[in-house]
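Observations on the three-dimensional arrangement
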Number of protein chains: 2
Amino acid sequence: MSTQAAAALVDWGTSNLRVWLVDAAAGVLGERQSPEGMGTLTPDRFAGVLETHLAALGGAPDLPVVVAGMAGARAGWIEAPYAETPTCLTDLHIQAVSAPGIDRDVRILPGVCQRGAGAEDVMRGEETQLLGAVASGLSDALFCLPGTHSKWVSLQEGRISRFTTAMTGELFQLISRQSILHLSIGEGRASAGHPAFGQAVEEALDPDFSLTTRLFSIRARGLLAGADEASAASRLSGLLLGAEIAAMRPRLGEGQCVQLIGSGALTELYAAALTLAGVETVSLDGGELVRRGLFSAARVLFPHRFAEILP
Amino acid sequence: MSTQAAAALVDWGTSNLRVWLVDAAAGVLGERQSPEGMGTLTPDRFAGVLETHLAALGGAPDLPVVVAGMAGARAGWIEAPYAETPTCLTDLHIQAVSAPGIDRDVRILPGVCQRGAGAEDVMRGEETQLLGAVASGLSDALFCLPGTHSKWVSLQEGRISRFTTAMTGELFQLISRQSILHLSIGEGRASAGHPAFGQAVEEALDPDFSLTTRLFSIRARGLLAGADEASAASRLSGLLLGAEIAAMRPRLGEGQCVQLIGSGALTELYAAALTLAGVETVSLDGGELVRRGLFSAARVLFPHRFAEILP
């Protein structure tokens, strides 16, 4: 019986869609990935796109679905209002919202918000990865999720106590491609192994460092010292990541380890910068975590689908 | 005799061209402004464009010309290599370079550079405004020149001892128009009078403030509290200007007054933010200063043109 699908799990972000069919024991029966993110579709297509992927995976008409990500944003399929910090991750499903316009039980998980003057923040999708971390036994930890908008999240006893978004990834793209610094950076790529990266991280960790007044040194160095494009790109990356880590220092206690969720070049840069800052890191697979988080929610949202594995 | 032109003074930047005809007593005989900045012209047109404006002003074929700005950049008319800090402003003319391809005595003033790891910086054009300040008796002062790339310059006994470029203006344009924050800022305009501006400046002056981790609060505030576009734009401006002023605090001694060179909306925002930071400001006209600086250089570059006013 364990090869029968218990639920479909969907991670639906702005740029990508990922669907898993799982059995009641969390075994993966099938998986689809697609660039049909929420941001690429008009709302009238959400139901059809989802049904197409479920059909391709052989999902039955009564198969229930749990969805995380931008599907629950105001401009998504239907708004799933934010859960507020402190947020108990295993209670996220309580605020799930049923998707309209589809002849199937589809529940969309909420995002998480933080209020308080100057600390206002929101997330959609990352909370489900963190639920997956909790389901894996990581209930007390500091997480860093590198991305266009990186998140730093403190978990205490399975609750999000506090989180912070850093626009580092987006700033790197804008500044390297469109500011005057693109004259120095060109097609250069940032590399954690480049000496300019490490030097810039160190500079940015200095208490007197200021990002806005140091960025232009990249252009000046190009003009005065003929620094090449890879050096300029690595310096920009190092200054931005160093500034982000410096801002998180108050949350990095003695011997604190950071759980780094992600993969690829950006996550490597974060790992290198954190190491330079004397911070130990552990790498976690974000896709694996979101699937575990969705599975954890599905089990409590659709208990009848999981009852069969009981003896 | 004082109504006879002694020299032409030219401020030639990336986006604009400004030409004055002056007599030997610094009286302005005529003036032209044009959007024919260096960045809008191919090099083969520099001489022709200058001659056209001189002709329109009735400048004689033997009228000498002194030029400041991007004309002396590597990609300009001809490179006038940077003078290095500490830079005696009244000696700038020593490094002036003669423009090629024109049948007239045209001298291009150098920019200024600063070397030293992490502090590398360059300016072209601002140094001539500062020479104008020195010619006006301001030889020891801290100057702020708001712009796309704002400059903070320390003058000591008529020398540029140190300067810093802040990319604040360019960051505001990029972030407000092209980052995710444009969803909250839209067509909103920053206003020094908006409460969100002052609040953001205060936040950014806090020693624990970090720009990269606070920017996203503008988006979150829009989503959570329905902040309007003018509020979002004013908050972004306040955070950026506050961060810039915070970085300059070590140079702002007790009772230090800042000479603010510029005009218009951006300069008003700087004046308001500096006032919030408890710093006194004096406003100076940048166009007037560059003309005085150019005149000061012309008098030493072309002494025969100014001899006639001696008794």
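For the structure itself, look to the data block above.
Keep in mind the model is a prediction, meaning the values are calculated, not measured.

Criteria and thresholds
Residues numbered from 1 in each chain as written. Chains lettered and ligands numbered in written order. Predicted model: local features only at pLDDT ≥ 70, side-chain atom pairs only at ≥ 80, totals over all residues. Heavy atoms only, no water. Helix = DSSP H or I, 4+ residues; strand = E, 2+ residues; numbered from the N terminus. Buried < 20%, exposed > 50% of the residue type's maximum accessible area, 1.4 Å probe, protein only. Contact = heavy atoms within 4.5 Å. Areas by Shrake-Rupley, 256 points an atom, 1.4 Å probe, with all protein chains shown as cover. Lys, Arg positive; Asp, Glu negative; His and termini not counted. Charge placed at Lys NZ, Arg CZ, Asp CG, Glu CD. Disulfide = S-S within 2.5 Å. Buried area = accessible area lost by both parts, 1.4 Å probe. Salt bridge = Lys/Arg side-chain N within 4 Å of Asp/Glu carboxyl O. Polar contact = N/O pair within 3.5 Å; in protein donor to acceptor, adjacent residues only side chain to side chain. Core = buried A, V, L, I, M, F, W, Y, C linked by side-chain atoms within 4.5 Å.

**Considerations on the overall build of chain A**
In terms of regular secondary structure, chain A is built from 11 helices and 15 strands. By residue count, 58% of the 311 residues in chain A fall in the buried class. Excluding contacts between residues fewer than 6 apart, the proportion of contacts in chain A whose partners are at least 24 apart in sequence is 65%. Summed over its atoms, the accessible surface of chain A is roughly 12500 Å², and 49% of this surface lies on carbon and sulfur atoms. Of the side-chain charges in chain A, 23 are positive and 33 negative, and the distance between the mean point of each set is 2 Å.

**Topic: the state of the cysteines**
Linking two cysteines covalently via their sulfur atoms produces the bond known as a disulfide. Residue and element names in this part refer to chain A. Inspection of every chain in the model, using the stated rule, returns 0 disulfides over all chains. A disulfide-free cysteine, C113 has its sulfur positioned 16 Å from the sulfur of C88, the nearest such atom. Looking at C113, the relative accessible area reads 1%, which means it is buried.

**As for the environment of E31 of chain B**
Residue and element names in this part refer to chain B. Among the structural elements, E31 can be located in strand β3 (residues 28-34). On the basis of relative accessible area, E31 is assigned to the partly exposed category, the value being 37%. A C-alpha to C-alpha distance of 9.8 Å links E31 and V10, two positions 21 residues apart in sequence. For E31, the contacting residues outside a window of four places in its chain are R18, V19, W20 and L57.

**Let's talk about the interface of chain A and chain B**
Where interface size is given, it is often the accessible area lost as the parts come together that is meant. Residue-level contacts link 45 residues of chain A with 45 residues of chain B. Interface area, chain A with chain B, both sides summed: about 3600 Å², of which 68% is carbon and sulfur. When the area that chain A buries against chain B is broken down by residue, the three leading residues are T212, F216 and L224 of chain A, summing to 20%. Along the contact surface separating chain A from chain B lie 2 salt bridges. With its nearest N and O atoms 2.8 Å apart, the salt bridge here joins R221 of chain A to E120 of chain B. One can count 9 residue pairs in polar contact (both at pLDDT 80 or more) joining chain A with chain B. For the side of chain A that touches chain B, the elements supplying multiple residues, two or more each, are β9 (112-114), β10 (121-123), β13 (159-166), α3 (168-178), α5 (195-205), α6 (211-214), α7 (217-225) and α8 (229-248) of chain A.

**Points about the nonpolar core**
Counting 50 residues, the largest nonpolar core has V122, L215 and L236 of chain A together with V122, L215 and L236 of chain B as its most contacted members. Elements with a minimum of two residues in this core: α3, α5, α7 and α8 of chain A together with α3 (168-178), α5 (195-205), α6 (217-225) and α7 (229-248) of chain B. Every residue in contact with L236 of chain A, bar those within four places of it in the chain, is listed here: F172, I175, S176, I185, L215 and I218 of chain A.

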